[in-house]
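Residue-level listing of the chains:
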Amino acid sequence: MCGIVGYIGTKKAKPILINGLLRLEYRGYDSAGIATMEKDGIKIVKEKGRIANLDAKEEINSLEGTIGIGHTRWATHGKPSAVNSHPHYDNSKTFAVVHNGIIENYHELRKFLEDNGYHFLSDTDTEVIPNLIHYYYKKEHDFLKSVKLACDDLKGSFALEILCNDYPDNMIVVRQDSPLVIGKGLNEIYISSDIPAILSFTKDFYFLNDREYAVLSRKNIEFYDNNLNSIDKMVKSIEWNTASAEKDGYEDFMLKEIYEQPNSIRETIGSKLSENKISFTDFEISKDYLETINRIYIVACGTAKNAGLATKATFENFCKIPTEVDIASEFRYRDPLINEHTLCIYISQSGETADTIAALKLAKQKGAKTIAVANVIGSSITRESDYCVYTHAGPEIAVASTKAYTSQVVLLNILALYFAEVLERVPALEIDNIKKEIMDLPKKAEITLGNVAEIKNFANTVYKETDIFFLGRGIDSYVAEEASLKLKEISYIHSESYPAGELKHGPIALIENDVTVIGIITNPKLVEKTVSNIQEVITRGAKTLVITNQKINDEQFYKTIHIPEVNPCLSPILSIIPLQLLAYYISKEKGLDVDKPRNLAKSVTVE
Ligand code: G6P
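Predicted model, so just to flag it, every value in this text is computed and none were measured.

Colleague: Would you explain the overall build of the chain in this entry?
Modeller: On a plain count of helices and strands, the chain comes out with 19 helices and 27 strands. For 607 residues, the compact-globule estimate of 2.2 N^0.38 gives 25 Å, and the chain sits close to it at 25 Å. Seen through its C-alpha atoms, the chain measures out along the principal axes to roughly 75 × 55 × 45 Å. In the chain, which comprises 607 residues, the share counted as buried stands at 62%. Sequence-distant contacts, at least 24 apart, represent 72% of the contacts inside the chain between residues at least 6 apart. A total accessible area of about 22,700 Å² is found for the chain, and carbon and sulfur atoms account for 48% of it. Of note, the chain has its 69 positive side-chain charges centred 1 Å away from the centre of its 84 negative side-chain charges.

Structure (structure tokens):
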């Protein structure tokens, strides 16, 4: 889960690399380093800690080179330290490498290299790579061939940028299961783990498939397949604007992204639904095919998985197909029952989550059709799946996902309704009514954001708590799960979520005077049941916050936040918003780094 950047052009590389690393810092921030091609060969500067520590180093100012590579690390093998940070040289200092991913057979390779006279300075898996390249280079005397031979020996995942002293005007990049994008400017090329980090420099991108190689020079990029045959690649223009990758006056990315939701919801709706017509130009799913489907799996990790849970009922109620939601890291190892009658939907903001991609490959092998719901254009999952649909959330930078979640819930609802229209298993009028309600969501999201002052006050009264509980029934229990995740991610407060009816089977033992319990009540059919569960915790002294769009006697609660009413299957899109704000303001009250919570990374490209 590291981040890599690269530059090759006519400007000084160092400030460009540092700028790119700062934008990628969300991917890992325990150490960082850069290497540039200087007149007397490759120079590396690296340091433990944040990018600011690296940039403060005296020696970094002497780097003048116009070609360079950079890395921000999230430790997997070897503790965070200067020596374990990237870039890594080979023993002869002919090559420098940065790597995102994990080399699974590095013990074996290290032993092989040690037997051949190489020694190692770090505890990382990465250090075998430059040495292996050097091992082949001694025989081949060719940069590209040696990189390819070394990559042939690597098992695991990698996105690599490589410099070689004997080729001072080139850089080679290659990837396998880890993200890497190449941005083309005028006489300059930018490389990065994601698009937003280099969006201010170019909008034209190339994407490499697994084990494709790019040899970069200032004016030119040559692409090769895994057999080193030359291949052509199409450039793709990215529409995201630079402002959407900046804080734009907000104190933090997370706050900005929460406030962007009316717009990201509008954009996502607009891409698929207008004038009450749903159109998925990205793919054609026939009635004949859909009628053969007897099970849908929705598979994802973290917040994306919670978006799946929030839409399970729409698929079941409108398509009449049993729908299961699974955690990708579990799904891939539990031999799920999949065949050609199964449809698998994979949700991923980044499109790079290793477990989600592996779970997708598994379903393909077993003969199921796969649909990716992704946010990042051109990301790995979009290339692996049979079909791909994009949320239009724009770049999401804060580690804690907000606008991607609401866009995913919107898009999955539209997808379910699209299938429902094709299948004709429920009256068309029912579907039409929901479509109309979807069109009102951006306006209602804006109204929901209007509760910010009350949320801020509540955050102020609970930020010192050590435990907070979330309750809800049906779809509200899934929002409770997402709200609880948001809170623990950025405030480090222990929190749990429960379907309200489960309360009596354990968690109520934890409720005592002044424990905070947050209830979500949006389904008219379940109001009384949930209110009654909340009364049970009030009786035991709990301090309660209720988020609701129903008319309830709210005097019984410590605080109530009213949000606009909407069809229950769409309610998570609105009811999560006050709870995202709550997590945000609690984290701020505690003085924490909201955008970069400890130990977490935005995209988890390792298992
Ligand atoms: C990490 C992030 C979460 C995200 C999850 C899945 O844990 O911190 O915010 O929900 O990965 O990421 P994806 O990119 O696949 O949606």
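Continuing now.
Colleague: How do you make sense of the pairing of strand 8 (residues 171-176) when you look at a structure like this?
Modeller: Residues in a regular strand project their side chains so that they alternate between the two faces of the sheet. Across the six residues of strand 8, six count as buried, placing the element largely inside the fold. The hairpin formed by strand 7 (residues 156-164) and strand 8 contains six residues between the paired strands. One ladder, built from four bridges, connects strand 8 with strand 12 (residues 213-216); its direction is antiparallel. Among the inter-strand pairings, Val174 is bridged to a residue of strand 12, identified as Tyr213.

Colleague: I keep staring at the domain arrangement of the chain and nothing clicks. Help me out?
Modeller: The accessible area lost on association of the parts is a frequent measure of interface size. Taken as a whole, the chain is organised into domain 1 (3-238), domain 2 (247-439) and domain 3 (450-589). If you average the C-alpha positions of domain 1 and of domain 3, the two centres end up 46 Å apart.

Colleague: Which parts of the structure should I look at to understand the pattern of salt bridges?
Modeller: Note on pairing: side chains with opposite charge can pair once their charged atoms come close. Applying the stated rule across the entire model yields 34 salt bridges. Between Glu188 and Lys11 there is a salt bridge whose closest N-O contact spans 3.0 Å. Of this pair, Glu188 sits in the loop between strand 9 (181-184) and strand 10 (189-192) while Lys11 sits in the loop between strand 1 (3-8) and helix 1 (13-24), and the two are 177 residues apart along the sequence. For Glu188, a relative accessible area of 9% translates into the label buried. With a closest N to O distance of 3.5 Å, Glu59 and Lys57 form a salt bridge. Taken together, the shared-partner salt bridges connect Glu47, Lys57 and Glu59 into one network.

Colleague: When you look at the site of the ligand in this model, what are you seeing that I'm missing?
Modeller: Within the structure, the ligand sits among 13 residues, and Ser348, Gln349, Ser350, Thr353 and Ala601 are positioned closest to it. Between the ligand and Ser350 there is a distance of 2.6 Å, counted from an oxygen atom to a side-chain nitrogen or oxygen. Within the backbone of Ala601, an N or O atom sits 2.9 Å from an oxygen atom of the ligand. Burial of the ligand by the surrounding chains reaches 90%, relative to a free accessible area of 390 Å².

Colleague: What am I meant to see in the packing of aromatic side chains here?
Modeller: Ring pairs (aromatic) are described by centroid distance and by the angle formed between their planes. Per the counting criterion, the structure on display carries 15 aromatic pairs. On the basis of an interplanar angle of 40° and a centroid distance of 5.9 Å, the ring pair of Phe95 and Phe143 is categorised as tilted. Taken as a pair, Phe95 in strand 6 (residues 95-103) and Phe143 in helix 5 (residues 143-153) lie far apart in primary sequence, 48 residues in all. The pair formed by Phe95 and Phe143 is uniform in burial state, with each residue classed as buried. Relative to Tyr585, the ring of Tyr584 lies with its centre 4.9 Å away and its plane at 85°, an arrangement referred to as edge-to-face. Overall, the relative accessible area of 1% leaves Tyr584 in the buried class.

Colleague: Mind showing me how you'd approach the environment of Asn413 here?
Modeller: Here Asn413 lies in helix 13 (residues 403-423). It is 21 Å that separates the C-alpha atoms of Asn413 and Thr548, two residues lying 135 residues apart in sequence. Polar side-chain contacts of Asn413 include one of 2.9 Å to the backbone oxygen of Val409.

Colleague: Can you help me understand empty space enclosed by the protein in this one?
Modeller: Empty space among the atoms becomes apparent when a probe as large as a water molecule is rolled across them. Within this structure, the stated rule accounts for four cavities of 30 Å³ or more. Of the pockets and cavities examined, the largest cavity occupies roughly 200 Å³. Lining of the largest cavity is provided by 26 residues; of these, Tyr26, Ser193, Asp194, Ser350 and Val376 occupy positions nearest its centre. When the residues that make up the lining of the largest cavity are grouped by side-chain class, the tally is twelve nonpolar, seven polar and seven charged. Counting contributing residues per domain, the lining of the largest cavity is built from domain 1 (3-238) and domain 2 (247-439), each supplying no fewer than three. Quantified by volume, the second largest cavity comes out at close to 60 Å³. If you go around the second largest cavity, the residues you meet are Cys2, Arg73, Trp74, Ala75, Thr76, His77, His86, His99, Gly101, Thr124, Asp125 and Thr126.

Colleague: Just checking my understanding: could you explain the sheet that holds strand 22 (residues 387-390) for this structure?
Modeller: One key point about sheets: their strands pair by backbone hydrogen bonds, in either a parallel or an antiparallel sense. Taken in spatial order, the five strands of this open sheet run 19-18-20-21-22, and their pairing is parallel. In the strand order of this sheet, the two ends are held by strand 19 (323-327) and strand 22, each with one partner. Within the sheet, the average angular offset between the axes of one strand and its neighbour, ignoring direction, is 20°. Pairing of strand 18 (residues 295-300) with strand 19, which is carried by five bridges, proceeds in the parallel orientation. Each bridged residue has a counterpart across the sheet, and for Val299 the counterpart in strand 19 is Asp326. The strands touched by helix 11 (residues 354-365) within the sheet are strand 18, strand 20 (342-348) and strand 21 (369-374), with strand 20 carrying the most contacts at an inclination of about 165°.

Colleague: How should I be thinking about the sheet that holds strand 4 (residues 67-73) in this particular structure?
Modeller: With antiparallel pairing, eight strands are arranged side by side in an open sheet as 3-2-4-1-10-9-11-15. On the outer flanks of this sheet lie strand 3 (41-48) and strand 15 (236-237), each paired with one strand and no other. Sheet topology places strand 9 next to strand 10; four bridges connect them, and they run antiparallel. Directly across from Ile182, in strand 10, lies its bridge partner Ile191.

Colleague: Teacher, can you tell me more about helix 16 (residues 452-462) here?
Modeller: The α-helix winds at 3.6 residues per turn, so residues separated by three or four positions along the chain end up facing the same way. Inspection of helix 16 places Ile455, Phe458, Ala459 and Val462 among the buried residues, and these make up the whole buried set. Down the axis of helix 16, the buried set is contained in an arc of 105°. They therefore lie on one face. Buried residues in helix 16 make contact with strand 23 (467-472), strand 25 (516-521), strand 26 (543-548), strand 27 (559-562) and helix 19 (571-589).

Colleague: Quick question: what am I supposed to make of unusual backbone geometry here?
Modeller: A negative phi angle characterises most non-glycine residues, just as the trans form characterises most peptide bonds. Note that the residue after His86, namely Pro87, is joined by a cis bond; omega there is 0°. Relative to the helices and strands, Pro87 is located in the loop between strand 4 and strand 5 (88-89). Although it is not a glycine, Asn187 sits at a positive phi angle of roughly 55°. Here Asn187 lies in the loop between strand 9 and strand 10. For Asn187, a relative accessible area of 33% puts it in the partly exposed group. Of note in this structure, Glu275 is not a glycine but carries a positive phi near 45°. One can find Glu275 in the loop between strand 16 (273-274) and strand 17 (277-278).

Calculation rules
- Residues numbered from 1 in each chain as written.
- Predicted model: local features only at pLDDT ≥ 70, side-chain atom pairs only at ≥ 80, totals over all residues.
- Heavy atoms only, no water.
- Helix = DSSP H or I, 4+ residues; strand = E, 2+ residues; numbered from the N terminus.
- Rg over C-alpha atoms; globule rule 2.2 N^0.38 Å.
- Buried < 20%, exposed > 50% of the residue type's maximum accessible area, 1.4 Å probe, protein only.
- Contact = heavy atoms within 4.5 Å.
- Areas by Shrake-Rupley, 256 points an atom, 1.4 Å probe, with all protein chains shown as cover.
- Lys, Arg positive; Asp, Glu negative; His and termini not counted.
- Charge placed at Lys NZ, Arg CZ, Asp CG, Glu CD.
- Pairing = 2+ DSSP bridges.
- Domains from an automatic or database assignment.
- Salt bridge = Lys/Arg side-chain N within 4 Å of Asp/Glu carboxyl O.
- Near = heavy atom within 4 Å.
- Polar contact = N/O pair within 3.5 Å; in protein donor to acceptor, adjacent residues only side chain to side chain.
- Phe/Tyr/Trp six-rings, centres within 6.5 Å; stacked < 30°, edge-to-face > 60°.
- 1 Å grid on protein atoms, 1.4 Å probe; cavity = no way out; pocket = protein on both sides within 12 Å on 5 of 7 lines; lining within 4 Å.
- Points joined across faces, edges and corners; volume = space filled by probe spheres on them.
- Nonpolar A, V, L, I, M, F, W, Y, C, P; charged D, E, K, R; others polar.
- Axes fitted to C-alpha atoms, helices over the stretch in contact; angles between N-to-C directions.
- Arc of directions from axis to C-beta.

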